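# Structure assessment
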Amino acid sequence: MNPIQVGVVMGSSSDWDTMQHAVQILQDFGISFDARVVSAHRMPDDMFTYAESAAGRGMKCIIAGAGGAAHLPGMLAAKTVVPVLGVPVASKHLSGVDSLHSIVQMPKGVPVATFAIGAAGAANAALFAVAMLANEDPALREKLEAFRAAQTEAARNMTLPTE
């Protein structure tokens, strides 16, 4: 079994609708990952243990999705040197803007890379993780280059509706 390279965590199971987009990208690229709920508010001791043990378990980064107050990415970043990629999850009240503001405003010394709100952010966080891993893995770099080339070709071949 391959060691887990990427952790995918979310504040609650309701965040799965967003975070599944990160998992799909990781699966498509054959990246080993662990996906779970690790709530900063409901299970802080578990969250601290998760963050503190991430480097020792061989994780290269953690993709953390959170809505509302969105403390999870920053709290993880405060407890590990493993890069944390924050994904704001849309909330029903403020459409994820509250989550975005919470994640992007980390204090100096607690870095969290912050992505777009929702599914696009989750997918891009996973692609960012793939790019980080591809720096040390030529085969993965080739897969990522092929993925990007396919995206470009699809955009070139896109047809627009005519009137």
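Residues numbered from 1 in each chain as written. Predicted model: local features only at pLDDT ≥ 70, side-chain atom pairs only at ≥ 80, totals over all residues. Heavy atoms only, no water.

Helix and strand counts for the chain come out as six helices and five strands. Helices and strands appear in the chain in the N-to-C order β-α-β-α-β-α-β-α-β-α-α. By the compact-globule yardstick of 15 Å for 163 residues, the chain fits well, its C-alpha radius of gyration being 16 Å. Excluding contacts between residues fewer than 6 apart, the proportion of contacts in the chain whose partners are at least 24 apart in sequence is 65%. (Helix = DSSP H or I, 4+ residues; strand = E, 2+ residues; numbered from the N terminus. Rg over C-alpha atoms; globule rule 2.2 N^0.38 Å. Contact = heavy atoms within 4.5 Å.)

Glancing now at helix α2 (residues 44-54). Taken as a whole, α2 has its buried residues at M47, Y50, A51 and A54. In an axial view of α2, the angular spread of the buried residues amounts to 90°, which keeps them on one side of the axis. The elements touched by buried residues of α2 are β1 (6-10), β2 (33-37), β3 (61-66) and α3 (72-79). (Buried < 20%, exposed > 50% of the residue type's maximum accessible area, 1.4 Å probe, protein only. Arc of directions from axis to C-beta.)

Attention shifts here to the packing of helix α1 (residues 16-28) against helix α5 (residues 119-134). Remark: α1 packs on α5, axes separated minimally by 7 Å, with the N-to-C direction vectors making an angle of 30°. By the angle between their directions, the pair α1 and α5 is classed as roughly parallel. You can see that α1 and α5 cross each other, and the crossing is right-handed. Residue-level inspection shows T18, M19, H21, A22, I25 and L26 of α1 in contact with α5, the latter providing A119, A122, A123, A126, L127 and V130. (Axes fitted to C-alpha atoms, helices over the stretch in contact; angles between N-to-C directions. Parallel < 35°, antiparallel > 145°, perpendicular 65-115°, else oblique. Left-handed = near helix turned anticlockwise from the far one by under 90°.)

A separate point is the packing of α5 against helix α6 (residues 138-156). Where α5 contacts α6, the axes come no closer than 8 Å and their chain directions differ by 140°. One way to sum up the angle between α5 and α6 is to call them oblique. Crossing handedness for the pair α5 and α6: left-handed. Contact with α5, carried on its side by L127, V130, A131, L133 and A134, involves P138, L140, R141, L144 and F147 of α6 and no other residues of that element.

Given two aromatic rings, their pairing is described by the distance between the two centres and the angle made by the two planes. All told, the structure shown has two aromatic pairs when counted by the stated rule. Seen in terms of ring centroids, F29 and F147 are 5.4 Å apart; in terms of plane orientation they differ by 65°. Their pairing is edge-to-face. Here F147 lies in helix α6 and F29 lies in the loop between α1 and β2, a separation of 118 residues in the sequence. The exposure class assigned to F147 is partly exposed, which follows from its relative accessible area of 25%. Relative to F128, the ring of F115 has its centre 5.6 Å away and its plane inclined at 65°; by these criteria the two rings are edge-to-face. On the criterion of sequence distance, the pair formed by F115 in the loop between β5 (113-114) and α5 and F128 in helix α5 is long-range, its members being 13 residues apart. The ring centre of Y50 lies 4.7 Å from the NZ or CZ of R57, which sits over that ring. Looking at K79, its charged tip hangs above the ring of F48, at a distance of 5.0 Å from the centre. (Phe/Tyr/Trp six-rings, centres within 6.5 Å; stacked < 30°, edge-to-face > 60°. Lys NZ or Arg CZ within 6 Å of the ring centre and 35° of its normal.)

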